[in-house]
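# Close look at the chain arrangement
Here's the letter readout for the chains.
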Amino acid sequence: MSRYRGPRLRISRRLGDLPGLTRKTSKKLTPAGEHGQQLRKPSEYSLRLEEKQKLRFNYGLTEKQLSKYIKIAKKVTGSTGLILLQILEMRLDNIIFRLGLSPTIPAARQLINHGHILINNKKVSICSYQCKPGDVIQVQAKNSSQTLVKNNLNFPTLASVPNHLELNTKSLNAKVNAIIEREWVALQMNELLVVEYYSRK
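So, a few notes on the structure that sits alongside this text. (Residues numbered from 1 in each chain as written. Predicted model: local features only at pLDDT ≥ 70, side-chain atom pairs only at ≥ 80, totals over all residues. Heavy atoms only, no water.)

### As for the nonpolar core
- In this structure, Leu 55, Tyr 59, Leu 84, Leu 92, Ile 95, Ile 96 and Ile 137 are the most contacted members of the largest nonpolar core, which totals 47 residues.
- Counting residues per element, this core draws most heavily on helix H4 (residues 80–89), at 5 residues.
- Here this core spans two domains, and each of domain 1 (8–87 + 187–198) and domain 2 (91–182) adds at least three residues to it.
- In contact with Ile 95, not counting residues within four places along its chain, are Glu 89, Met 90, Cys 131, Ile 137, Leu 165 and Val 176. (Core = buried A, V, L, I, M, F, W, Y, C linked by side-chain atoms within 4.5 Å. Buried < 20%, exposed > 50% of the residue type's maximum accessible area, 1.4 Å probe, protein only. Helix = DSSP H or I, 4+ residues; strand = E, 2+ residues; numbered from the N terminus. Domains from an automatic or database assignment. Contact = heavy atoms within 4.5 Å.)

Okay, structure coming up:
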């Protein structure tokens, strides 16, 4: 299944606040769709599925990519759910978004694809690039790149830059200082339900 390109507000109404997907908010309180108004007790499967979908849509992943990240997280010692979130948060497109250089993760992906971003003085056009502590992220010195990013910095989506990232707004470069901690993840969700979802498949 390819990446979702449909209406984003519909997804955020169904799954709750997804800061990486869209900055728009709906005035409607009920979930989208014909059956949105019906109140029924969700099954255990639907709860796990919903948490998995939150991850997928917020980070802009395909089903194949997410299952691959789950397999990687299971091989590492420690809490699988936490390691999964750390892997997703250290993706380049997400870090560009968390720094405030783009309003959403799809917008960050476009910045990267169009060659506006350098890592350690090398152009990187792969959105899923895994950043490591010590990496220096820069915006190209071209006027078009600088103007685009400065406009985004004037209207930040999130309140603050996480403590594992360091941003210099004048020179438009940033540094990854460490791996993100759980309390700095912007998405409100239960990652253990995602691990359960894949362990039962």
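### Structural notes on the side chain of Ser 102
- Summarising the element assignment, Ser 102 is placed in the loop between helix H5 (92–98) and helix H6 (105–113).
- Of the polar contacts made by the side chain of Ser 102, one reaches the backbone oxygen of Thr 104; its length is 3.0 Å.
- Not counting residues up to four positions away in its chain, the partners in contact with Ser 102 are Ile 96, Phe 97, Ala 107, Ala 108, Leu 111 and Asn 152. (Polar contact = N/O pair within 3.5 Å; in protein donor to acceptor, adjacent residues only side chain to side chain.)

### Observations regarding empty space enclosed by the protein
- For the coordinates displayed, the defined rule picks out 1 cavity of 30 Å³ or more.
- Estimates place the volume of the largest cavity at around 40 Å³.
- Every residue along the wall of the largest cavity is listed here: Pro 19, Asn 58, Tyr 59, Glu 89, Asn 94, Phe 97, Arg 98, Ile 105, Ala 186 and Leu 187.
- Looking at the lining of the largest cavity, the elements with two or more residues in it are helix H2 (44–59) and H5.
- Lining the lining of the largest cavity are residues from two domains, each supplying at least three of them: domain 1 (8–87 + 187–198) and domain 2 (91–182). (1 Å grid on protein atoms, 1.4 Å probe; cavity = no way out; pocket = protein on both sides within 12 Å on 5 of 7 lines; lining within 4 Å. Points joined across faces, edges and corners; volume = space filled by probe spheres on them.)

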